[in-house]
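Residue-level structural notes
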Amino acid sequence: MLLLNLVIFIATLLLLSVVYRNTQKLGGSVLLALILGLFFGAILQNVYSQSLIDSTLEWVNVIGSSYVRLLQMIVMPLVFISILSAVTKLNQVNSLGKISFSVLSILLFTTAVAAAVGIGFTYLFDLSAEGLIAGERELAAQSRIEGRVGQVSNLNLPTVLVSFIPRNPFAELTGASATSIISTVIFAGLLGVAALSLAKEDKALGERIAQGVETLNKLISRLVRFVIRLTPYGVFALMLKMAAISKWSDILNLGNFILASYLAIGAMFVIHAILLAFAKVNPIGYYKKVLPTLSFAFSSRSSAATLPLNIATQIEKLGNNKAIANFSATFGATIGQNGCAGIYPAMLAAMVAPTVGIDPFSLGYMTTLILVVAISSFGIAGVGGGATFAAIVVLSALDLPLALVGLLISVEPLIDMGRTALNVNGAMVAGTISNQALKLD
């Protein structure tokens, strides 16, 4: 049976290849891959024994994990050379400040809105931490959560800001720390400013530097295109695995929380569309262009792995300025994540509050919670770990018990898919709105 499963898997990959070659539409191919992955994953879970599922997924994982690793391989080189190339093309150094301020402001604003949306859906669904039963996996997860608390106990904004400054740029290019992406952005930006300064003193030298940087940028961009063409196959494998390992009993037990979470995520996508419309960007046209990127973010559950797709989509499909696209994508992968650092911790804080005698829907508590979520979404870049760390930081800041983070571990992967897609969309929306507002050449 293992051989039959692998034959079907390979045949489906070949089918996706034919569809992509004939249509040349990445979005349609990725959507088809996502649907087929869900379908075959559900069949795998409901028809075969666990041992056969595991042995099949080992081979499926070769495609899914290899694709993710290829994207991870190009993240740091892409971030470095793209930022460097973009900065060397800026007419004025102060444009960097305008870009950073605009992007970060939008990211933090939308995260605050996301927190309010999360609180609202917690109220509508009357969600509470009371009565949740901890199983074996959940109890084990609680132990792991308690072990992580030490990593954020001494976390504060000044410490995080210092951690952004690269101590060893070569180490940061290897992704050695949780803040490597931001540190690489800062190093590349400073190097770009130095190049602009040299160009003012010696125009010929500046042109040679710019030409060399642009040549390297084109080389990295071509490599990125090669990897992006593999997206339908990676999405198919990743979704097949996700559908095969999801436990329907867990989904049913926490159905209200999952439904409320996805409705909140959907509401934020609508709010993003409204913000785009105010910025005079057609939301329907926008979503058509970003669909492949959102599909991969959904299936991979990794904002960092989606970075190459995020940057390429903003530049090639949305027409955003290269500097804005790179800054919004890189900052959005670590700061102001609407899903992981906005909706999720806000919902958990609202659910836990009644267990310690706090009314989560009082104006004072909601205002405090939204502010804490927004500020924490900036600081979470210092520790990494996405939604789990965001929840720990917010609950700890409000002096609330952390048990719920462990109790919800069974449905984390399912919800995390939607949250990651929202994170990535928030970054692209921040880039698109900033592009409309700044009008850089």
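The structure this text deals with has already been given above.
In this text the structure is predicted, and so the values were computed from the model without any measurement. (Residues numbered from 1 in each chain as written. Predicted model: local features only at pLDDT ≥ 70, side-chain atom pairs only at ≥ 80, totals over all residues. Heavy atoms only, no water.)

1. Regarding the packing of helix α3 (residues 50-88) against helix α14 (residues 307-317)
With their axes 8 Å apart at the nearest point, α3 and α14 run at an angle of 60 degrees to one another. As summarised for this structure, α3 and α14 are arranged oblique, according to the angle between their axes. Here α3 contributes Y67, L71, I74, V75, L78 and V79 to the contact with α14, which in turn contributes L307, P308, L309 and I311. Class assignment of the residues belonging to the contact of α3 with α14 gives a composition of 10 nonpolar, no polar and no charged. (Axes fitted to C-alpha atoms, helices over the stretch in contact; angles between N-to-C directions. Helix = DSSP H or I, 4+ residues; strand = E, 2+ residues; numbered from the N terminus. Parallel < 35°, antiparallel > 145°, perpendicular 65-115°, else oblique. Contact = heavy atoms within 4.5 Å. Nonpolar A, V, L, I, M, F, W, Y, C, P; charged D, E, K, R; others polar.)

2. Describing helix α1 (residues 2-23)
Given a rise of 1.5 Å per residue, 22 residues ought to cover 32 Å, and the 32 Å separating the end C-alpha atoms of α1 matches this to within 8%. Within the span of α1, buried status applies to N5, L6, F9, T12, L13, L16, S17 and Y20. Seen end-on, α1 carries its buried residues on one side only, within an arc spanning 145 degrees. Exposed side chains of α1 directed beyond 90 degrees from the buried face belong to L3, L14, R21 and N22. Looking one or two residues past α1, Q24 carries a phi angle of roughly 55 degrees, positive in sign. (Expected span 1.5 Å × (residues − 1). Buried < 20%, exposed > 50% of the residue type's maximum accessible area, 1.4 Å probe, protein only. Arc of directions from axis to C-beta.)

3. What about the pattern of salt bridges?
In total, this model carries 3 salt bridges according to the counting rule given. D416 is the salt-bridge partner of R301, the closest N and O atoms lying 3.1 Å from each other. Taken together, the residues R301 in the loop between α13 (283-300) and α14 and D416 in helix α20 (residues 412-438) connect sequence positions 115 residues apart. Classification of D416 by relative accessible area gives buried; the value is 10%. (Salt bridge = Lys/Arg side-chain N within 4 Å of Asp/Glu carboxyl O.)

4. A few points about the environment of G37
Mapped onto the elements, G37 comes out in helix α2 (residues 26-47). Sequence separation of G37 and V235 is 198 residues, and the distance between their C-alpha atoms is 7.6 Å. In this structure, G37 is in contact with F236, M239, L240 and A243, ignoring residues within four places of it in sequence.

5. Concerning the side chain of E214
Within the element layout of this structure, E214 appears in helix α9 (residues 203-228). Relative accessible area serves as the criterion here: at 18%, E214 is assigned to the buried category.

6. What about the packing of aromatic side chains?
In the structure shown here, the tally under the stated rule is 9 aromatic pairs. An aromatic cluster is defined as three or more aromatic residues linked by ring pairs; in this entry it consists of F9, F39, F40 and F236. The ring of Y344 has R419 lying over it, and the distance from NZ or CZ to the ring centre is 4.3 Å. (Phe/Tyr/Trp six-rings, centres within 6.5 Å; stacked < 30°, edge-to-face > 60°. Lys NZ or Arg CZ within 6 Å of the ring centre and 35° of its normal.)

Function-wise, these values are silent; they only describe arrangement.
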